[in-house]
Amino acid sequence: MISRARLRRIAAVSLGVFLVLAVGIAALAGTGVLAKPTVDGIESDWGAVTAETTEIRTTATVTNPNPVGVPGVVDVAYTARLNDVVLARGGKSGVGFGPGTSRLGLSTQMSNAKIAQWWVTHVNGGEESTLRVDATVSGPGFARDVPAQRSSIETDLLGGFATEGERTVEFRGEPFLAIGEQRAEWGEANESVTPLSVTSQVENVHDYPVALDGVAYAVQMNNVTLAEDRQLSGVSVEPGETGTLDVRMALDSARMADWWANHVNDSERSTLSVELYGLVERDGEYERVPIRIYERLLDLETDVLGGGSTSVSARDAPERDIEFERPQIGETSREWGAVDDETTEILTTVALNNTNDDAAVNELLSIRAAQHTAVNGILVATGRQRTDGLTAGRSAFELTSTMNNSKVPAWWARHLNRGETSTVTTMPAVRADLGFSQFDVPVIDRRSEFETDLLAGMGDDAETVTVDGRDALVVRSESVQWGEATPETAPIEVNATLENEQPEPVRVTEIRYRVALNDVVLANRTAPGSHTVDPGETEAVGFTMALDNRKMDEWWVGHVRRGETSNMTVTVTATVETRAGTETVRLDSLSRNTTVTTDLLGDD
């Protein structure tokens, strides 16, 4: 960057030299006793600025104490270079001035394109440049080269990009990424491109992975776009992990000429801004995410024609509100879907309210929903659903979970062991997915309970068993209850008494039982042992109906297809032998024919 002081010295040296020599020539042309004129001061300022050129106006104040003026016989010319780039060539012929105080003006046009050329050499030289001014003064009978003026120009724009501390990127007030150890590096510049690489350490302080498929970047100085493009490589970091985000940008070297014109017109002040946005790939297209991964603002101020000072300072990027609200989950409803021998579908309809009205956000936004359903603590069904391209306002989506029918015997055993009471819990997890990461959407678990009473009425009454029309035994049930069920067996424990009302012994040679749910036979067996009851005696009888619990998955299929309704039949028979004969009779007090209804997906 050319300081104002350096350009002022260029003009001052050149103009001062030709003024002194002009005075000398005028003195030689006179009487030889004239006093020496003096240069009292030089002032420089910017003149007209166009898109192509910048005018440098220089005014020198000269005092001639002699009564006669200095004739216009002196010529001056000078060349200003930054590195090997000629910024300006200036000159004026026939310089002269009268007695007393005079103001001499010199105007030079500098091509703004030269600034772009110099910029390339400045970057490739490590942001160090050398300013060199060569001047020549000539008059009648002589010519002289003024000793070249040199000065160094150093900048540290890269230092403005670097940060030692850590900056936390938030999304709707929640910590998202921690950006630290930011570094910048120039590549080898040419007349077309100035490469700039910005590297940052990215720590994922979010609950879910963060993945960017690419980065879009924009670099501006005083509203002049130096770079605006994208790279299709990004970064992927798991929660708690750190990765490196390396963004390689290509600045348009030629546009530094446009920046220069704006910089001078804006009182030599500029704001350099660098913005990086993440990209995500959707169906082969790359879309920008609504969050700045990196943003840097540098204030650049120069005083090229004044004191020559140059400053580069970083300032905090403004707070930018991310216009995004997590969708709200409303009511849900569940029903059974398709059922076959292996699986049963649970169809869940979820009401959704999306308050985001930004079309760009909604194009990226998708809902990832998953749910797990457990019966009595046993996971029986899982499902996942992704809904893309949400519209603003209220809508609904369906989530299908697949229940494995083979889990029925396990949760049914717990149902029996809990007094024929079951708890059904559906645990949904809903996340808003914006492509680069996910964010939880609050949703409550759904819980319901259902009960059955399969043994109700069994053994409530005593009954008299007759053989050949004569009373043989009185059967009294003492208890009918479930034993400890397992996924393999569901036992019904029966305890009863047999009272002989005959004058002779009565023998029960066989007790047989059959239990069925719909068309699925769970038990069809004979209780072990036989019983002989003497006249007037009572004998305790106990046996276990061993139901095959492994068949409950087969029962489940028909149960769901019937709207969670089943017919249960329990038939107990006894073969009784008396002197009058032998007869197999149904024990109604231990038998049952009833309807079983469940509501697994009922309301809370």
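Cut-off values and rules
Residues numbered from 1 in each chain as written. Predicted model: local features only at pLDDT ≥ 70, side-chain atom pairs only at ≥ 80, totals over all residues. Heavy atoms only, no water. Helix = DSSP H or I, 4+ residues; strand = E, 2+ residues; numbered from the N terminus. Buried < 20%, exposed > 50% of the residue type's maximum accessible area, 1.4 Å probe, protein only. Contact = heavy atoms within 4.5 Å. Areas by Shrake-Rupley, 256 points an atom, 1.4 Å probe, with all protein chains shown as cover. Axes fitted to C-alpha atoms, helices over the stretch in contact; angles between N-to-C directions. Parallel < 35°, antiparallel > 145°, perpendicular 65-115°, else oblique. Left-handed = near helix turned anticlockwise from the far one by under 90°. Nonpolar A, V, L, I, M, F, W, Y, C, P; charged D, E, K, R; others polar. pLDDT = per-residue confidence, 0-100. Core = buried A, V, L, I, M, F, W, Y, C linked by side-chain atoms within 4.5 Å. Pairing = 2+ DSSP bridges.

Considerations on the overall build of the protein
Next, step 1: Within the protein, the secondary structure is distributed over seven helices and 36 strands.
Next, step 2: With 604 residues in all, the protein has 49% of them scored as buried.
Next, step 3: For the protein, the share of sequence-separated contacts (at least 6 apart) that also reach a separation of at least 24 residues comes to 68%.
Next, step 4: Taken as a whole, the protein presents about 27800 Å² of accessible surface, with 43% of it coming from carbon and sulfur.

Topic: the packing of helix 2 (residues 112–124) against helix 4 (residues 256–265)
Next, step 1: Where helix 2 meets helix 4, the axes come as close as 7 Å, and the angle between the chain directions of the two elements is 120 degrees. With respect to their mutual orientation, helix 2 and helix 4 come out oblique. Between helix 2 and helix 4 the crossing geometry is right-handed. Together, Asn112, Ala113, Ile115, Ala116 and Trp119 of helix 2 and Met256, Ala257, Trp259, Trp260 and Ala261 of helix 4 make up the contact between the two elements.

Remarks on the packing of helix 6 (residues 408–417) against helix 7 (residues 552–561)
Next, step 1: Relative to each other, helix 6 and helix 7 sit at 90 degrees, their axes nearing to 8 Å. Comparing the axis directions of helix 6 and helix 7 gives the class roughly perpendicular. Of the residues in helix 7, those touching helix 6 at Val408, Pro409, Trp411 and Trp412 are Met552, Asp553, Trp555 and Trp556.
Next, step 2: For the contact of helix 6 with helix 7, a count of residues per class yields seven nonpolar, no polar and one charged.

Describing the confidence of the model for the protein
Next, step 1: Scored by pLDDT, the protein has a mean of 82; 83% of the residues are at 70 or more.
Next, step 2: Across the protein, element-level confidence peaks in helix 6 with a mean pLDDT of 97 and bottoms out in helix 1 (residues 4–29) with 43.
Next, step 3: Contacts from residues 2–32, a stretch scored under 50 in pLDDT, to residues over four places away or in other chains number 88 contacts.

As for the nonpolar core
Next, step 1: By size, the foremost hydrophobic cluster in this structure holds 76 residues, and its most contacted members are Phe161, Leu196, Met249 and Phe436.
Next, step 2: Residues contacting Phe161, with those up to four places away along its chain left out, are Gln182, Ala184, Leu196, Leu272, Val274, Tyr294, Arg296 and Leu298.
Next, step 3: With 60 residues, the next largest nonpolar core counts Trp411, Trp412, Val506 and Ala574 among its residues.

Examining the side chain of Thr575
Next, step 1: Structurally, Thr575 can be placed in strand 34 (residues 565–578).
Next, step 2: When sequence neighbours within four positions are dropped, the list of residues in contact with Thr575 reads Arg507, Val508, Thr509, Glu510, Thr582, Glu583 and Thr584.

Overview of the sheet that holds strand 18 (residues 310–315)
Next, step 1: Sheet architecture is open: five strands sit in the order 13-12-16-17-18, paired in antiparallel fashion. Two strands bound the open sheet, and with one partner strand each, they are strand 13 (224–231) and strand 18. Across this sheet, the average inter-strand angle for adjacent strands is 20 degrees, counted without regard to direction.
Next, step 2: In terms of strand pairing, strand 12 (residues 214–221) meets strand 13 through seven bridges, oriented antiparallel. What sits directly across from Val219, in strand 13, is Ala227.
Next, step 3: Relative to the sheet, helix 4 contacts strand 12, strand 13, strand 16 (269–282) and strand 17 (285–302), its axis offset from that of strand 13 by approximately 140 degrees.

What to know about helix 6
Next, step 1: In terms of burial, helix 6 is largely enclosed, as seven of its ten residues are buried.
Next, step 2: Three or more residues of helix 6 are buried, namely Val408, Pro409, Trp411, Trp412, Ala413, His415 and Leu416.
Next, step 3: Gly419 sits one or two residues past helix 6 and shows a positive phi near 75 degrees.

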